[in-house]
2 protein chains.
Amino acid sequence: MDIIKVFSKNVKKYRNKKGLSQEAFAERAGLHRTYISAIEREKRSIALENVQKIADALEVETYLLFIEDSG
Amino acid sequence: MDIIKVFSKNVKKYRNKKGLSQEAFAERAGLHRTYISAIEREKRSIALENVQKIADALEVETYLLFIEDSG
DNA sequence: GTGTGACTTCTAGTCCGTT
DNA sequence: AAACGGACTAGAAGTCACA
């Protein structure tokens, strides 16, 4: 599967797990709410720096966001 | 550790494991040799699309490139 | 075979608003 | 709360000449 798709799905999954809205999550990650929205809809590629910001905000290990079936 | 640092180190490690030069590897990945060079020296951020290209060229699972001590 | 600075083109990422 | 669009700026992609 495509890495962007996997990443998008995992962001959405972990974000919902934490009960965060896109808006609240975007603020935690220091990113823009429309950007998070675009990521979850697979409309964008992402730079590694922001991958890390997102992982931090979700409080998960970075590599978990690239595993297809990471629970 | 910083994700770019981890990624860089892993690219270098897996590339050397395969006995590929930066030049040969760059060609496999469809990227420029100086670009690979810059990545390995942590001089660049990278978008997910190229992360996948690199993982493909190295024939490793993408997530392995983000694990600090991934053999 | 690799490191490096500089350069142009293209896209990541922000910010406004509307649905 | 979230999808979506338009316009804008910062920064990544991609290449080169030279060391």
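Residues numbered from 1 in each chain as written. Chains lettered and ligands numbered in written order. Predicted model: local features only at pLDDT ≥ 70, side-chain atom pairs only at ≥ 80, totals over all residues. Heavy atoms only, no water.

1. Structural notes on the protein's contact with DNA strand D
- Around DNA strand D, 19 residues are found, and the nearest of them are Gln22(A), Tyr35(B), Arg44(B), Ser45(B) and Ala47(B).
- The sugar-phosphate portion of DNA strand D accounts for 65% of its atoms within 4 Å of the protein, the bases making up the rest.
- Separating a phosphate oxygen of DNA strand D from a side-chain N or O atom of Arg41(A) is a distance of 3.1 Å.
- Measuring from a phosphate oxygen of DNA strand D, one finds a side-chain N or O atom of Asn50(B) at 3.3 Å.
- When contributions to the surface near DNA strand D are tallied by element, the ones reaching two or more residues are helix H2 (22–29) and helix H3 (33–40) of chain A together with helix H3 (33–40) of chain B.
- Classifying every residue of the surface near DNA strand D by side-chain character gives four nonpolar, eight polar and seven charged. (Near = heavy atom within 4 Å. Polar contact = N/O pair within 3.5 Å; in protein donor to acceptor, adjacent residues only side chain to side chain. Helix = DSSP H or I, 4+ residues; strand = E, 2+ residues; numbered from the N terminus. Nonpolar A, V, L, I, M, F, W, Y, C, P; charged D, E, K, R; others polar.)

2. What to know about the environment of Val6(B)
Residue and element names in this part refer to chain B.
- Along the chain, the position of Val 6 falls in helix H1 (residues 3–17).
- For Val 6, a relative accessible area of 6% translates into the label buried.
- When the C-alpha positions of Val 6 and Glu 40 are compared, they lie 10.0 Å apart, and in sequence the two are 34 residues distant.
- For Val 6, the contacting residues outside a window of four places in its chain are Met 1, Leu 65, Phe 66, Ile 67 and Glu 68. (Buried < 20%, exposed > 50% of the residue type's maximum accessible area, 1.4 Å probe, protein only. Contact = heavy atoms within 4.5 Å.)

3. Considering the protein's contact with DNA strand C
- Around DNA strand C sit 20 residues, and of these Tyr35(A), Arg44(A), Asn50(A), Gln22(B) and Arg41(B) come closest.
- In DNA strand C, atoms within 4 Å of the protein come from the sugar-phosphate backbone in 58% of cases.
- Within the side chain of Arg33(A), an N or O atom sits 3.0 Å from a base oxygen of DNA strand C.
- In this structure, Arg41(B) approaches DNA strand C through a side-chain N or O atom, which is 2.7 Å from a phosphate oxygen.
- Among the elements of the structure, H3 of chain A together with helix H2 (22–29) and H3 of chain B are those that each provide at least two residues to the surface near DNA strand C.

4. Re the nonpolar core
- If you look at the biggest cluster of nonpolar residues, it comprises 46 residues, and the most contacted ones within it are Phe7(A), Leu48(A), Ile54(A), Phe7(B), Leu48(B) and Ile54(B).
- Elements with a minimum of two residues in this core: helix H1 (3–17), H2, H3 and helix H4 (48–58) of chain A together with H1, H2, H3 and helix H4 (48–58) of chain B.
- In this structure, Phe7(B) is in contact with Leu48(A), Ile39(B), Ile46(B), Val51(B), Ile54(B), Leu65(B) and Phe66(B), ignoring residues within four places of it in sequence. (Core = buried A, V, L, I, M, F, W, Y, C linked by side-chain atoms within 4.5 Å.)

5. Structural notes on the interface of chain B and chain A
- With 16 residues of chain B in contact, the opposing surface of chain A contributes 16 residues.
- Its largest share of buried area at the contact with chain A, chain B owes to Ile3(B), Leu48(B) and Tyr63(B), together 44% of the area lost on that side.
- Between the two partners, chain B and chain A, sit zero salt bridges.
- Counting only elements with at least two residues in the side of chain B that touches chain A, the list comes to H1 and H4 of chain B. (Buried area = accessible area lost by both parts, 1.4 Å probe. Salt bridge = Lys/Arg side-chain N within 4 Å of Asp/Glu carboxyl O.)

6. Quick look at the UniProt feature "domain: HTH cro/C1-type" (unreviewed entry) in chain A
- Using the residue numbers shown here, the UniProt feature "domain: HTH cro/C1-type" (unreviewed entry) corresponds to residues 11–65 of chain A.
- Taken end to end, residues 11–65 of chain A comprises 62% helix and 0% strand; its first and last C-alpha atoms sit 7 Å apart. (UniProt positions renumbered as here; feature names shortened; annotations may be inferred.)

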